[in-house]
Amino acid sequence: ADAVASFDKVAGAQGVAPETRMEAYLSAATASVEIGDRQAIDEALAYANKGVRMDRTHQPGQLLLASILMKTESPVDREKALEILTAVTRSDVDVTLASRAYTLMGLAYMENGEYRRAQRSFRSALDLDPSNTEAGRNERIARNSYEQNL
């Protein structure tokens, strides 16, 4: 909570450079997510939206926003997250960021019960970054879930 307040203070200060303000909002979002309760997730979403609105091309901010949307457990927010993640994967980003985006997409598809799509997303993540253990673990889970639901 102290970290969130500190970042919020920086974001609201007079004369702060826009990039610093954006980073403060995104850091406040990250700190809020770590608190983990529903109110903190809502606050994280508000901070992430403020940060992303300042620079819509900031891909790490987009990934943060998508991951927070997925934590709300709302199907509508999950679809918004998938839209954001699809845009990130279609843009010119480094492989680590793209692999993370595909991993998040896979998690969203698994939550939707779309295990084949989840497998494809995790496979794309692994093709980009073979060391992505989260994608590897979840690809196996998605495959097993698909086979169990045949």
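Up top is the structure these notes are about.
Presented here is a report on the structure given in the accompanying data block. Residue numbers restart at each chain and count upward from 1, following the sequence in its written direction. Per-residue local features are limited, in this predicted model, to residues with pLDDT of at least 70; the limit for side-chain atom pairs, both in listing and counting, is 80 or more; totals at the level of whole chains, interfaces and linings are taken over all residues. Remark: hydrogens and water are excluded; side-chain values derive from all non-hydrogen atoms of the structure.

**Some details on the overall build of the chain**
Secondary structure is summarised from DSSP: a helix means a run of H or I of at least four residues, a strand means a run of E of at least two, and numbering begins at the N terminus for each. Looking only at helices and strands, the chain has eight helices and zero strands in total. From first element to last, N terminus to C terminus, the chain shows the α and β order α-α-α-α-α-α-α-α. C-alpha atoms define the radius of gyration, and 2.2 Å times the number of residues to the power 0.38 defines the globule rule. Here the chain has a C-alpha radius of gyration of 16 Å; the compact-globule value for 150 residues is 15 Å, and the two agree. Judged by the C-alpha coordinates and their principal axes, the chain covers about 55 × 30 × 25 Å. Within the structure as shown, the chain displays about 8300 Å² of accessible surface, and the carbon and sulfur contribution to it stands at 48%. If the 18 positive side-chain charges of the chain are averaged to one point and the 22 negative ones to another, these points end up 4 Å apart. Only the protein chains shown count as covering a residue, and every accessible area follows the Shrake-Rupley method with a 1.4 Å probe. Think of it this way: Lys and Arg go in the positive column, Asp and Glu in the negative one, and His and the chain ends go nowhere. One atom stands in for each charge, and that atom is NZ of Lys, CZ of Arg, CG of Asp or CD of Glu.

**Examining the pattern of salt bridges**
Salt bridges are counted wherever a side-chain nitrogen of Lys or Arg sits within 4 Å of a carboxyl oxygen of Asp or Glu. This model, assessed by the stated rule, comprises six salt bridges. Among the ionic pairs, K80 bridges to D77, the shortest N-O distance being 3.7 Å. Of this pair, K80 and D77 are both found in helix 5 (residues 75–89), three residues apart, which corresponds to roughly one turn of the helix. The rule is simple: take the accessible area with a 1.4 Å probe, protein chains only, and divide by the maximum for that residue type; under 20% is buried, over 50% is exposed, in between is partly exposed. Relative accessible area serves as the criterion here: at 13%, D77 is assigned to the buried category.

**Regarding the nonpolar core**
Residues L63, L65, I68 and L85 are the most contacted members of the largest nonpolar core, which totals 43 residues. The set of elements that each furnish at least two residues to this core consists of helix 1 (2–12), helix 2 (18–35), helix 3 (38–54), helix 4 (59–71), helix 5, helix 6 (95–111), helix 7 (115–128) and helix 8 (133–148). In this description, contact between two residues means that some pair of their heavy atoms is separated by no more than 4.5 Å. Not counting the four nearest positions on each side in its chain, L63 is found in contact with L85, V88, L97, R100, A101 and L104. Here, nonpolar core refers to any group of buried Ala, Val, Leu, Ile, Met, Phe, Trp, Tyr and Cys residues whose side-chain atoms link them within 4.5 Å.

**Quick notes on the packing of helix 6 against helix 7**
Geometrically, a packed helix pair is captured by the angle between its two axes and the distance between the axes. Here an angle of 0 to 180 degrees is reported between the N-to-C directions of two axes, which are lines fitted to C-alpha atoms, with helices fitted over the stretch in contact. One can describe the packing of helix 6 onto helix 7 by two numbers: an axis separation of 8 Å at closest approach and a directional angle of 165 degrees. Relative to helix 7, the element helix 6 is oriented roughly antiparallel. Note that helix 6 runs across helix 7; the crossing there is left-handed. Two secondary-structure elements touch here, helix 6 through V95, A98, S99, Y102, T103, M105, G106, L107, Y109 and M110 and helix 7 through Y115, R117, A118, S121, F122, S124, A125 and L128. Grouping the amino acids of the contact of helix 6 with helix 7 by side-chain chemistry returns 12 nonpolar, five polar and one charged. Between 65 and 115 degrees an angle is taken as roughly perpendicular, under 35 as roughly parallel, over 145 as roughly antiparallel, and anywhere else as oblique. Put simply, a crossing is left-handed when the front helix is turned counterclockwise from the back one by less than a right angle, and right-handed when it is turned clockwise. For this classification, Asp, Glu, Lys and Arg are treated as charged, while Ala, Val, Leu, Ile, Met, Phe, Trp, Tyr, Cys and Pro are nonpolar and the rest, including Gly, are polar.

**What to know about unusual backbone geometry**
Positive phi outside glycine occurs at E73, with the angle close to 65 degrees. On the secondary structure map, E73 appears in the loop between helix 4 and helix 5. With relative accessibility at 66%, the residue E73 sits in the exposed group.

**A word on the packing of helix 1 against helix 2**
Where helix 1 meets helix 2, the closest approach of the two axes is 8 Å, and the angle between their N-to-C directions is 160 degrees. By the angle between their directions, the pair helix 1 and helix 2 is classed as roughly antiparallel. In terms of crossing hand, the pair formed by helix 1 and helix 2 is left-handed. Of the residues in helix 2, those touching helix 1 at A3, V4, F7, V10, A11 and G12 are T20, R21, A24, Y25, S27, A28, A31, S32 and I35. For the contact of helix 1 with helix 2, the residue count by class is 10 nonpolar, four polar and one charged.

**Observations concerning the layout of surface pockets**
With a 1 Å grid laid over protein atoms only, a set of points is called a cavity when a 1.4 Å probe fits there but cannot get out and a pocket when it is open yet has protein on both sides within 12 Å along at least five of seven lines; lining residues have an atom within 4 Å of a point. Grid points are joined across faces, edges and corners, and a volume is the space filled by probe spheres set on the points. There is about 240 Å³ of room inside the largest pocket. Around the largest pocket sit 13 residues that line it, and L64, S67, K71, R100 and L104 are the ones nearest its centre. Counting only elements with at least two residues in the lining of the largest pocket, the list comes to helix 2, helix 4 and helix 6. It is helix 4 that contributes the most residues to the lining of the largest pocket, six residues altogether. Taken together, the residues of the lining of the largest pocket sort by class into seven nonpolar, two polar and four charged.

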